[in-house]
Amino acid sequence: MMAPSCLRPRIPREHVLSATFSVLLFAVFLLVYGATAAPDVLSGDSAEFQFAATLSGVPHPTTYPLATIMGHLATRLLPFGTPAWRVTMVSALCAALTVALFALLARRVIGKWLPVYVGALALGFAPGLWNAATLAEIYALLALLIVALALALHRALENPARRVLAYLAPAALIAGLGCTHHGLFVVTALPLFVAGCDAAMRRDGAYPSLHASAITLVSVALWFLIGTTPLIYPLVQFARFGPFDGLDYGLPRHYFWGAPQSWWDVVDLLTGGEVRRGIFQFPDAASALSTIQMVGRRLWFEFGPVGVASGVVGCIVLARSSVWVWRASAWVFFATLTYLLLLGPAVGDAPVFTLPMLLPWALWIGVGADALTRRAQSPRAPWRSVALIAILVALTLGWGATRYRVSAKQHLWLYREFATATFSVLPPDAVVITHWEQGTTLLYLRLVEGVRPDVWIDVVEPGDDPWFERAQRRYPDRPVYFVGQPDSVAGIPVDLVIDEAYANVYRLRSRPAP
């Protein structure tokens, strides 16, 4: 017998509206990101993620097991599109979820939906997140994990103390997953998790007894450990396919970056390996100033003059109205800034690491929009606040439209076209020695699609092993081709085969018979 409708628990109308609005935001941005995502194979790290996820391989340090597993699931579950596109759609999904969860978090902080939409639109159309959503990369997932953790902690701190474990368990799980994913999560979000757990469990009623507190701490630790289980993935793959010989990324046996020869080598990759060692250094004054200027230019590029001004206003207002939320958001911003300041000159893509900064700034934009509308309110003209929000939304959408050119990648067929042209000029049993940027695209076509299995792709930078000496040492009896720029083959006897702005293809001249 069903209970009378008057006795059934009712879901609060506000919860229904929040869910509806967040789902709407998710659907809109998934459509935007999906429509503007790269349609096919990419290059460099993105192409590596595309074929490593498809083949259950292990990409470069820190191996990014969570992203690889999600990418592999996408190649199995999505019924259409190339494997490369399916892996890219994981980024689109994560970015759209980031916007939706951000809106829920901002709603809890601000209390009104209209200002929240200003902040959510500013975040969703910021080229940093939009760009991350349209590539097979790890940064959209990083943003999602940070926002999800912040939302889980905010719920834990706002709900009854006697149910603290029920709300800290999701936060602990997310924190564990984030720590397996990227070092920026450890820097920006893990301290928030520790501080949030401490604050939640110190409230009156959270600790009715010592026994209860011990159970809570152990349970939270166990949920955190469960979150770290993606780290098992590269260990399992090494047990299945290793040990390797330290050459050629484990190929042809199985793709495993670094081709580790021992279990210790695998653990070293999980912690960053040689790729991550030495990239951090204490900056001098000139380097610090340059980084700060880069961050300022980046914020302007992301949000435009209105977004930057609204963010400054919101930061000031939030510091006065909700000091704990302000401290948490400021921590994410300045911890990311510190990370950037410590990056050494070896890291050339420092601007991509500004993505976590966009999250607190978008929140400050929403708070700033709310403060401005409150200021504009008038009993005689109640329409003024709504009109101001409409203007801010229009300006936000307008700035996002100007970023379309640098964010949309639905016409990006360059890498497949170049790789296809390269394979078409290669004779049987050829060897291609190439940079990482072009080599991963060639590897995708060869490993995933079975294009030219007779061709060997040797990915190595000429600074690590000079190409001419490598060709003579490893491939004395095979036709050798090089893919790169003129300076890549300076001093090497080659003939130009393909001349493109993106990269050139060169043929090593035949060796004279002895």
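Each value, and the rule that gives it
Residues numbered from 1 in each chain as written. Predicted model: local features only at pLDDT ≥ 70, side-chain atom pairs only at ≥ 80, totals over all residues. Heavy atoms only, no water. Helix = DSSP H or I, 4+ residues; strand = E, 2+ residues; numbered from the N terminus. Rg over C-alpha atoms; globule rule 2.2 N^0.38 Å. Buried < 20%, exposed > 50% of the residue type's maximum accessible area, 1.4 Å probe, protein only. Lys, Arg positive; Asp, Glu negative; His and termini not counted. Charge placed at Lys NZ, Arg CZ, Asp CG, Glu CD. Axes fitted to C-alpha atoms, helices over the stretch in contact; angles between N-to-C directions. Parallel < 35°, antiparallel > 145°, perpendicular 65-115°, else oblique. Left-handed = near helix turned anticlockwise from the far one by under 90°. Contact = heavy atoms within 4.5 Å. Nonpolar A, V, L, I, M, F, W, Y, C, P; charged D, E, K, R; others polar. Disulfide = S-S within 2.5 Å. Pairing = 2+ DSSP bridges. Arc of directions from axis to C-beta. Core = buried A, V, L, I, M, F, W, Y, C linked by side-chain atoms within 4.5 Å. Salt bridge = Lys/Arg side-chain N within 4 Å of Asp/Glu carboxyl O. Polar contact = N/O pair within 3.5 Å; in protein donor to acceptor, adjacent residues only side chain to side chain. Expected span 1.5 Å × (residues − 1). Patch = residues over 30% accessible without salt bridge, like charges linked within 9 Å, V, L, I, M, F, W, Y side chains within 5 Å. Areas by Shrake-Rupley, 256 points an atom, 1.4 Å probe, with all protein chains shown as cover.

K.L.:
Explain the overall build of the protein chain to me, using residue names and the numbers behind them.
P.N.:
On a plain count of helices and strands, the protein chain comes out with 22 helices and five strands. The C-alpha atoms of the protein chain give a radius of gyration of 26 Å, which matches the 24 Å a tight globule of 514 residues would have. Among the 514 residues that make up the protein chain, the fraction classed as buried is 53%. Here the protein chain contributes 38 positively and 32 negatively charged side chains, and the mean placements of these two sets differ by 17 Å.

K.L.:
Tell me what's going on with the packing of helix α7 (residues 139-158) against helix α8 (residues 164-181), and back it up with residues and numbers.
P.N.:
Axis angle and axis distance: for two packed helices, these are the angle between their axes and the distance between the axes, and together they describe the pair. At a minimum axis distance of 9 Å, the contact between α7 and α8 shows a crossing angle of 160 degrees. Considering their axes alone, α7 and α8 lie roughly antiparallel with respect to each other. Considering how the two elements wind past one another, α7 and α8 form a crossing that is left-handed. Residue-level contacts link Leu-141, Leu-142, Leu-145, Ala-148, Leu-149, Ala-152, Leu-153, Arg-155 and Ala-156 of α7 to Tyr-167, Leu-168, Ala-171, Ile-174, Ala-175, Leu-177, Gly-178 and His-181 of α8. For the contact of α7 with α8, the residue count by class is 14 nonpolar, two polar and one charged.

K.L.:
Lay out the state of the cysteines in plain terms, naming residues and giving numbers.
P.N.:
Within this structure, the stated rule accounts for zero disulfides. Cys-179 carries a free sulfur, and the closest cysteine sulfur to it, the one in Cys-197, is 12 Å from it. Judged by its relative accessible area of 24%, Cys-179 is partly exposed.

K.L.:
Lay out the sheet that holds strand β4 (residues 494-499) in plain terms, naming residues and giving numbers.
P.N.:
Judged by pairing direction, the sheet is mixed, and its five strands sit side by side in the order β2-β1-β3-β5-β4 without closing on themselves. Each edge of the open sheet carries a strand with a single partner, namely β2 (456-459) and β4. Going from strand to strand, the sheet's axes swing by 25 degrees on average, the running direction of each strand aside. Two strands pair when backbone bridges link them, and strand β3 (residues 480-484) and strand β5 (residues 504-508) are joined in this way by four bridges, in the antiparallel orientation. Pairing of Phe-482 across the sheet is with Tyr-506, part of β5. Together, β1 (431-434), β2 and β3 form the strand contacts of helix α21 (residues 436-447), whose direction differs from that of β2 by roughly 150 degrees.

K.L.:
Explain helix α22 (residues 467-474) to me, using residue names and the numbers behind them.
P.N.:
Within the span of α22, buried status applies to Trp-467, Arg-470 and Ala-471. The buried residues of α22 all sit within an arc of 100 degrees when viewed along its axis, so they share a single face.

K.L.:
Mind laying out the packing of α7 against helix α17 (residues 355-376), listing which residues take part and the relevant values?
P.N.:
At a minimum axis distance of 9 Å, the contact between α7 and α17 shows a crossing angle of 40 degrees. Comparing their axes, α17 and α7 come out oblique. In this structure, α7 crosses over α17, and the sense of that crossing is right-handed. Across the interface between the two elements, Tyr-139, Ala-140, Leu-142, Ala-143, Ile-146 and Val-147 from α7 touch Leu-355, Pro-356 and Leu-359 from α17. Of the residues in the contact of α7 with α17, the class split is nine nonpolar, no polar and no charged.

K.L.:
Describe the nonpolar core, and please don't skip the residues or the numbers.
P.N.:
Ranked by internal contacts, the top residues of the largest apolar core, which has 98 residues, are Tyr-33, Leu-149, Leu-168 and Phe-193. With 14 residues, the single largest contributor to this core is α7. Residues Ala-38, Ala-53, Tyr-233 and Tyr-249 belong to the second largest nonpolar core, which totals 59 residues.

K.L.:
Could you give an account of the pattern of salt bridges, with specific residues and numbers?
P.N.:
Between side chains of opposite charge, a pair can form as their charged atoms come close. Within this structure, the stated rule accounts for 14 salt bridges. Here Asp-495 makes a salt bridge to Arg-509, at a shortest N to O gap of 3.1 Å. Of this pair, Asp-495 sits in strand β4 while Arg-509 sits in the segment after β5; the two residues are 14 residues apart in sequence, bridging distant segments of the chain. Here Arg-509 falls in the partly exposed class, since its relative accessible area comes to 44%.

K.L.:
Can you explain the environment of Trp-467? Please cite residues and give values.
P.N.:
Secondary-structure assignment places Trp-467 in helix α22. Residues Trp-467 and Trp-436, spaced 31 residues apart in sequence, show a C-alpha to C-alpha distance of 13 Å. Those residues in contact with Trp-467 that lie beyond four places of it in its chain are Ile-433, Thr-434, His-435, Val-460, Glu-461, Pro-462, Phe-482, Val-483, Ser-488, Val-489 and Ile-492. Polar side-chain contacts of Trp-467 include one of 3.0 Å to the backbone oxygen of Val-460.

K.L.:
If you had to explain unusual backbone geometry to someone new, which residues and values would you point to?
P.N.:
Excluding glycine, a negative phi dihedral is what most residues carry, and trans is how most peptide bonds are arranged. Cis peptide bonds are those with omega within 30 degrees of zero, and the linkage from Pro-61 to Thr-62 qualifies with 10 degrees. Relative to the elements of secondary structure, Thr-62 occurs in the loop between α2 (44-55) and α3 (65-77). In this model, Leu-251 is joined to Pro-252 through a cis peptide bond whose omega is 5 degrees. Assignment of secondary structure puts Pro-252 in the loop between α12 (232-241) and α13 (263-270). At Thr-63, a residue that is not glycine, the phi angle is positive and equals roughly 75 degrees. Note that Thr-63 resides in the loop between α2 and α3. Judged by its relative accessible area of 2%, Thr-63 falls in the buried class.

K.L.:
An account of the side chain of Thr-228 is needed here, citing residue identities and associated values.
P.N.:
Positionally, Thr-228 belongs in the loop between α11 (210-227) and α12. A distance of 2.6 Å separates a polar side-chain atom of Thr-228 from the backbone oxygen of Leu-225. In contact with Thr-228, not counting residues within four places along its chain, are Gly-176, Leu-177 and Thr-180.

K.L.:
Describe helix α5 (residues 113-124), naming the residues involved and giving the relevant values.
P.N.:
With 12 residues, α5 should reach 16 Å at 1.5 Å per residue; the first-to-last C-alpha distance of 16 Å fits that figure. Of all 12 residues that make up α5, 11 are buried, and the element is covered over most of its length. Of all the positions in α5, only Trp-113, Pro-115, Val-116, Tyr-117, Val-118, Gly-119, Ala-120, Leu-121, Ala-122, Leu-123 and Gly-124 are classed as buried.

K.L.:
Help me get a handle on a nonpolar patch on the surface, residues and values and all.
P.N.:
A cluster of nonpolar side chains, namely Ile-69, Leu-73 and Leu-77, defines an oily patch on the protein surface of about 280 Å² accessible area. Of note, Leu-73 is situated in helix α3. Among the residues examined, Leu-73 registers a relative accessible area of 44% and is labelled partly exposed.

K.L.:
Describe the pairing of β3, listing the residues and the values that go with them.
P.N.:
Of all five residues in β3, five are buried, a share of seventy percent or more. Of the pairings in the sheet, the one linking β1 to β3 comprises four bridges and is parallel in character. Its bridge partner being in β3, Ile-433 is matched across the sheet by Phe-482.

The analysis is restricted to geometry; functional conclusions fall outside its scope.
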